[in-house]
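The lines below spell out each chain.
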Amino acid sequence: MQKYIYSLVFLFVITALSAQRFTSSLPNYEAYKAFRGKPLSDKFSNIESVKVIYDLKKQKMYYFNSNLIHLHYDFVTGYLGYSQDLEVFNNENYSDTPKDRDFLLGNLNHIKGTEKWIFELAASDHMPIESIERFYNLIVKSTFIGSNLKFYLNNPTQMEWFQQGKFKIPCIKSDYIFNEIKYQEVVAGTNVGILKQYKIKDLETIKPNPDEIILLDGTPDILPNVRGIIVNELQTPLSHLVLLGKNRKIPIMAYTTALQDNNIKRLLSKKVELKIEIDTFYIKETTKKIEQKAITKKKKLIIDNSITDLVDLAVIPKKGINYIGAKAQNMAYLIAISKEISFKTPENAHAIPFYFYTKHIQKKSISPLISELLEYPNKDSTVWIHKQLKKIRDAIKKEPVDPELIAKLNQTFKNAAFKNFRFRSSTNAEDLDDFNGAGLYDSKTGILGDSIKTFEKAIKQVWASVWNEASYNERELFGIDQHNIAMGVLVHRSFPDELANGVAITKNIFRENFSGITVNVQKGENSVVKPEKGEICEQFVAYHFNSGTDDTDFDVDYTSNSNLNNNEPLLSRKEMSRLFLVSSKIEEKMYRYWKKNRYHPVDIEFKIVGANRDLYVKQVRPFNE
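**Some points on the sheet that holds strand β20 (residues 498-505)**
- What the six strands build is an open sheet, ordered β23-β22-β21-β20-β24-β25; its pairing is antiparallel. The sheet terminates laterally at β23 (555-560) and β25 (614-622), the two strands that pair on one side only. Each adjacent strand pair in this sheet contributes to an overall mean axis angle of 20°, direction not counted.
- As paired elements, β20 and strand β21 (residues 517-523) share six bridges and run antiparallel to each other. Residue pairing across strands places A504 opposite V519, the latter belonging to β21.

**Overview of the pattern of salt bridges**
- If you walk through the whole model with that rule in mind, you get 28 salt bridges.
- One salt bridge connects D100 with K99, and the closest N-O pair in it is separated by 3.5 Å.
- With a relative accessible area of 31%, D100 lands in the partly exposed category.
- Accessibility expressed as a relative area gives 72% for K99, which makes it exposed.
- Close ionic contact of K408 with E404 constitutes a salt bridge, the shortest N to O distance being 3.6 Å. Of the two residues, K408 and E404 are both situated in helix α14 (residues 403-413); the distance of four residues between them amounts to about one turn of the helix.
- Its relative accessible area of 43% is what places E404 among the partly exposed residues.
- Where salt bridges share partners, they join D309, E404 and K408 into one cluster.

**Points about α14**
- Every buried residue of α14 is listed here: L405, I406, K408, L409 and F413. The arc enclosing the buried residues of α14, seen along the axis, measures out at 160°, which places them on a common side.
- Against the buried residues of α14 lie β16 (350-352), α11 (354-361), β17 (420-427), α15 (455-464) and β19 (487-493).
- Backbone nitrogen of E404 and a side-chain oxygen of the N-cap are separated by 2.9 Å at the start of α14; the cap is D402.

**Observations concerning the environment of W161**
- Following the sequence through the fold, W161 ends up in helix α6 (residues 156-163).
- Judged by its relative accessible area of 19%, W161 falls in the buried class.
- Taking the C-alpha atoms as reference points, W161 and T114, 47 residues apart in sequence, are found 28 Å from one another.
- Each residue touching W161, except ones within four places of it in the same chain, is listed here: M127, P128, I129, I132, K166 and F167.

**Some thoughts on the environment of E233**
- Positionally, E233 belongs in the loop between β11 (228-231) and α8 (240-248).
- For the pair E233 and D217, spaced 16 residues apart in sequence, the C-alpha to C-alpha distance is 7.9 Å.
- For E233, the side chain forms a polar contact with the side chain of T219, separated by 2.7 Å.

**A word on the side chain of K327**
- Mapped onto the elements, K327 comes out in helix α10 (residues 326-338).
- With sequence-adjacent residues up to four places away left out, K327 is seen in contact with R424, S425, S426, E430, D431, L490 and Q619.

**Some details on the nonpolar core**
- With 81 residues, the main nonpolar core has F135, L313 and I586 as its most contacted residues.
- Counting 64 residues, the second largest nonpolar core, distinct from the first, contains V242, I352, F354 and A464.

**Quick look at the pairing of strand β12 (residues 252-255)**
- The side-chain alternation of β12 yields two buried faces, one formed by I252 and A254 and the other by M253 and Y255.
- Pairing of strand β8 (residues 183-187) with β12, which is carried by four bridges, proceeds in the antiparallel orientation. Considered in β12, the bridge of V187 is made with I252.
- Strand direction decides the pairing type here: β11 and β12, joined by three bridges, are parallel.

**Details of the packing of aromatic side chains**
- As enumerated under the stated definition, the model contains 35 aromatic pairs in all.
- A centroid spacing of 6.2 Å and a plane angle of 85° characterise the contact between F89 and Y94, whose relative ring orientation is edge-to-face. Here the two residues F89 and Y94 agree in accessibility, since each one is buried.
- Members of the aromatic cluster, joined through ring pairs, are F119, F135, Y136, F151, W161 and F167.
- The lysine or arginine in question, R493, covers the ring of Y616, its NZ or CZ lying 5.5 Å from the ring centre.
- We note R573 situated over the ring of F554; from NZ or CZ to the ring centre the distance is 4.3 Å.

Procedures and definitions
- Residues numbered from 1 in each chain as written.
- Predicted model: local features only at pLDDT ≥ 70, side-chain atom pairs only at ≥ 80, totals over all residues.
- Heavy atoms only, no water.
- Pairing = 2+ DSSP bridges.
- Helix = DSSP H or I, 4+ residues; strand = E, 2+ residues; numbered from the N terminus.
- Axes fitted to C-alpha atoms, helices over the stretch in contact; angles between N-to-C directions.
- Salt bridge = Lys/Arg side-chain N within 4 Å of Asp/Glu carboxyl O.
- Buried < 20%, exposed > 50% of the residue type's maximum accessible area, 1.4 Å probe, protein only.
- Arc of directions from axis to C-beta.
- Contact = heavy atoms within 4.5 Å.
- Polar contact = N/O pair within 3.5 Å; in protein donor to acceptor, adjacent residues only side chain to side chain.
- Core = buried A, V, L, I, M, F, W, Y, C linked by side-chain atoms within 4.5 Å.
- Phe/Tyr/Trp six-rings, centres within 6.5 Å; stacked < 30°, edge-to-face > 60°.
- Lys NZ or Arg CZ within 6 Å of the ring centre and 35° of its normal.

Structural data, given as C-alpha cells:
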C-alpha cells in the first residue's frame, strides 16, 4: 500500500512539473526530465536539453520547459516582461559587454544513458569568461548535478581561452561527447524489408536482395541496392556513404552495438519496419507490404565526340558538360570565379574530352566485352557481372592510349612548374543534380617524364573506373543508359604537400531554416569522405548571427575536432573567414552558371596548401539533399 501511495505522489509531481512552464532549480533528475526537450541543432545525437536563463537585474535563475518554449527570446518576452525586439535582444544579450546584458543565456545538456552533464552557450554568444564562470557556478548551486557539470568549448574564442589556461571551471571538447555516441542518423527515413546480416567481405561475392534491410560489420565500399542499411561504425557527415545514401533516399544509420543488440538479432530474417530519426531509431516486426521501387525510365546521356583536342579550362568551354563532363566544366567556372575573389584553383587545369575515351573502348579487345555485359539478360548474376566488369577494366588498361593524346599532354605541361599531375574522372554521369556519383570513379597521379607513374597509366586507370562495380551498379539503379556512358578526364597539378583537406556544404545541415555553411576538414591528406576506422574529422558550422551580411563577421559552432590533431583546431579564424566568404561567393556564382531557378546549396572540396597555407578549391557540384 505504501509503495502504491509513493507511486501516486511521484506521478503527481512529474505531471505537475510537466505542466509547469519554468522553475528556479532542478533538485533531481526527475525535475530535469519534466523540462527537457530536443536541442535546436541536430549536430549531436542522443542529447536532451533544458534551456536556462539568469536574469541579471532580478538575480534569478530560470529553467524552462524546452518542449513548450523553444527560444530564450520567447521566454523573456512571454514571462519576464522583456519588451525589446529580437535584434536588440540578440545584440545586447550575446555581446562581450556585460553592462549591455539583461540576461545570461545557456543550455543544460545531458548525454542520455550517462552521467555526463554539459553546460553550453550558443556559439554566437560572446559572453566574457568571468560571466561564463559565474553562470556555471549558479547552475551548479541550483541543480543536483554538482561537479559532474562540464563547460563545452564550442567556438574558437573559448578554445583560445582554454589553451591559454584562463578557465577556472572544468571544460571539455568534442571528444568528451563523441566517446559516448553509440547511435547516429546517417539518412533519416522509414522503410520495410527483410532484415539480413552480412559481413563486409561477404559483399564481394554476395549480392543482397533489393527487398532487404541489411546489418553490416563495417562501412561498405559499394552501396548495395537494398531497402535500408545499419552499420556499426559512426560516419563522417559528408562521407561518400552519406552522400550516396541521400541520393538513394534510403534510411541508413550507424549503431556501434548493433551486432550485440538482442532485439535486432531476434528480428533477423523477419520482415521489419525500420524508422530512423535524428536521436533514435525504431525497428519492429511488421506485416506491412514491401513496396516495390518503380522501374526508372532509362536516362539518356549526352556524348559530344566532336572535340578532339585538350581543353584549357582557363577559358569557360561552351556546353562543355557535353564533351568533358560536369566536373571539368565546373572547374572552369571555379577558375573564373577565383579571378574575382581570393582563392586558388589547381594550376594547369585541362580536360581530356570524351573523344579519346570513346576511341579507346571501340578497340576490338574492349568493345565486344562491353556489348556482352550490357546485353546480358540476367542482371542479377553477381558473379558473372563481377568477372565481366574486371575483364573490361583489364582490357582498357592493356590497350595503349592514342600516342597523339600523350604527346599533347607532354607538350602542354612541358614548362609547368609542377611534375606531378592528378587525373580525375569527369564522366557524363556524376556531379549532376539528381546523380552525384560520389566516390564511384577513380583518380590517379601521373608524373611528367616518369617511367612508372606515367600519364598513360593514370589515364587508363581512370577510364577503366567507368566499369567499377560501384559505378556500374549505381547507374543501373538510377536507370542510366549504360550504352552512353563516357569518361572525360580532368587534369591539373597534384597536391603532395597539403596541410589539410575538407568539404564545405553551403547549408546548415544540422538546423532547419537556419543559415550557415557546414564544414568537415581533416589533417594532411587523410580522407574526410572516406576516413579510416576510428578517425574523427574537424567539423563546424559557420553562420551569420542576427541576419548579418558582413562575411568577416560570423560565428563558428564546433561539433568535433580532429583526433589526428590532438583535438585542436585545424583552421585559424582567418582561414575560416576566407572559406566562409569564398563558399558564399561560389554558391552565388554557380547558381547563375547552372541557370538555377531556385536556391541550391553546393558541395565544395578544398585544401590548405604550402607554407602560406593557401586555400585551394578543387571541386564544386550541386549538393543533393
